[in-house]
Amino acid sequence: AELRARGHDGGNAGLVVIRGQEAVLDGSLIDVSGGDGGWVDVQLSRDTGPDTIVDPDLLVPAGTGAWVSAEAMTVRADGLAGTGGELVMTADHIRIDNSAFSASGTTGGGTILVGGDWQGQGDLRQATSVSVTDNVSLDASATEQGDGGTIVAWSDIHNADSRTQVSG
């Protein structure tokens, strides 16, 4: 699938929102680039139960909550004349493989939050498992001037079963 909400002729980019219980975003392109980068908001949740169906590639047992799979996915929330945008991806289980997420901007980097916010702060749902493989690029750079952005890969430290795995 291709989802685009780009700004035209320096205009600011738009917003892409994905909600549900399970999301297979494999091979997808989401592009919200523009003068200032836009916002990609993927927030999944589910009531856990024994009939939960889970993608076997995620290696999580049934009944353990919402999940998102992002394999060979490209997300662009770049600021082509300003600051980078924001990508938020939350669920109980997140797996990112062979993908590129960019929230770079010419005057400042944006924000990429996978599994929660910095040290569990804020109101975002905190993941139980986050896996970012070694063939993933997360980029929130300032490309011409200004400060770089923020990248967080997070799972709930208050849950003994939680884990974050980032390979590099």
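Structure shown above.
Criteria and cut-off values
- Residues numbered from 1 in each chain as written.
- Predicted model: local features only at pLDDT ≥ 70, side-chain atom pairs only at ≥ 80, totals over all residues.
- Heavy atoms only, no water.
- Helix = DSSP H or I, 4+ residues; strand = E, 2+ residues; numbered from the N terminus.
- Buried < 20%, exposed > 50% of the residue type's maximum accessible area, 1.4 Å probe, protein only.
- Areas by Shrake-Rupley, 256 points an atom, 1.4 Å probe, with all protein chains shown as cover.
- Pairing = 2+ DSSP bridges.
- Axes fitted to C-alpha atoms, helices over the stretch in contact; angles between N-to-C directions.
- Patch = residues over 30% accessible without salt bridge, like charges linked within 9 Å, V, L, I, M, F, W, Y side chains within 5 Å.
- Salt bridge = Lys/Arg side-chain N within 4 Å of Asp/Glu carboxyl O.
- Core = buried A, V, L, I, M, F, W, Y, C linked by side-chain atoms within 4.5 Å.

**Here's the deal with the overall build of the chain**
A count of helices and strands for the chain gives zero helices and 15 strands. Burial status across the chain gives 48% buried among its 168 residues. Carbon together with sulfur atoms contributes 44% to the accessible area of the chain, which is approximately 8000 Å² in total.

**Description of the sheet that holds strand β11 (residues 111-114)**
Ordered in space as β2-β5-β8-β11-β14, the five strands form an open sheet in which the pairing is parallel. Where the open sheet ends on each side, the last strands, each with one partner, are β2 (15-20) and β14 (150-153). Averaged over neighbouring strand pairs, the angle between their axes works out to 5° when direction is ignored.

**Some points on a nonpolar patch on the surface**
A grouping of L15, V17 and W39 is seen on the molecular surface, where their side chains present a nonpolar patch of about 260 Å² in accessible area. Positionally, L15 belongs in strand β2.

**Thoughts on the sheet that holds strand β3 (residues 22-24)**
If you trace the five strands from one edge of the open sheet to the other, you get β3-β6-β9-β12-β15, paired in parallel fashion. In this open sheet, the two edge strands, each paired with only one partner strand, are β3 and β15 (163-166). Taking the axes of each pair of neighbouring strands and ignoring which way they run, one obtains an average angle of 5° across the sheet. Relative to β15, strand β12 (residues 129-132) runs parallel, the two sharing four bridges.

**Side note on the pairing of β11**
Note that strand β8 (residues 86-90) and β11 share four bridges and pair parallel. Its bridge partner lying in β11, E86 is registered against T111. Bridge analysis of β11 against β14 gives four bridges, and the strand direction is parallel. Paired with I112 across the bridge in β14 is I151.

**Re the nonpolar core**
Formed by 30 residues in total, the largest nonpolar core has its most connected members in L25, V68, M89, I94, I96 and F101. Looking at this core, the elements that each hand over two or more residues are β2, β5 (39-44), β6 (67-71), β8, β9 (93-97), β11 and β12. Of all the elements, β5 adds the most residues to this core, at three residues.

**A look at unusual backbone geometry**
The backbone phi angle of A72 is positive, close to 55°, even though this residue is not glycine. Position of A72 among the secondary structure elements: in the loop between β6 and β7 (74-76). Notably, N98 is not glycine yet its phi reads approximately 50°, a positive angle. Along the polypeptide, N98 turns up in the loop between β9 and β10 (100-102).

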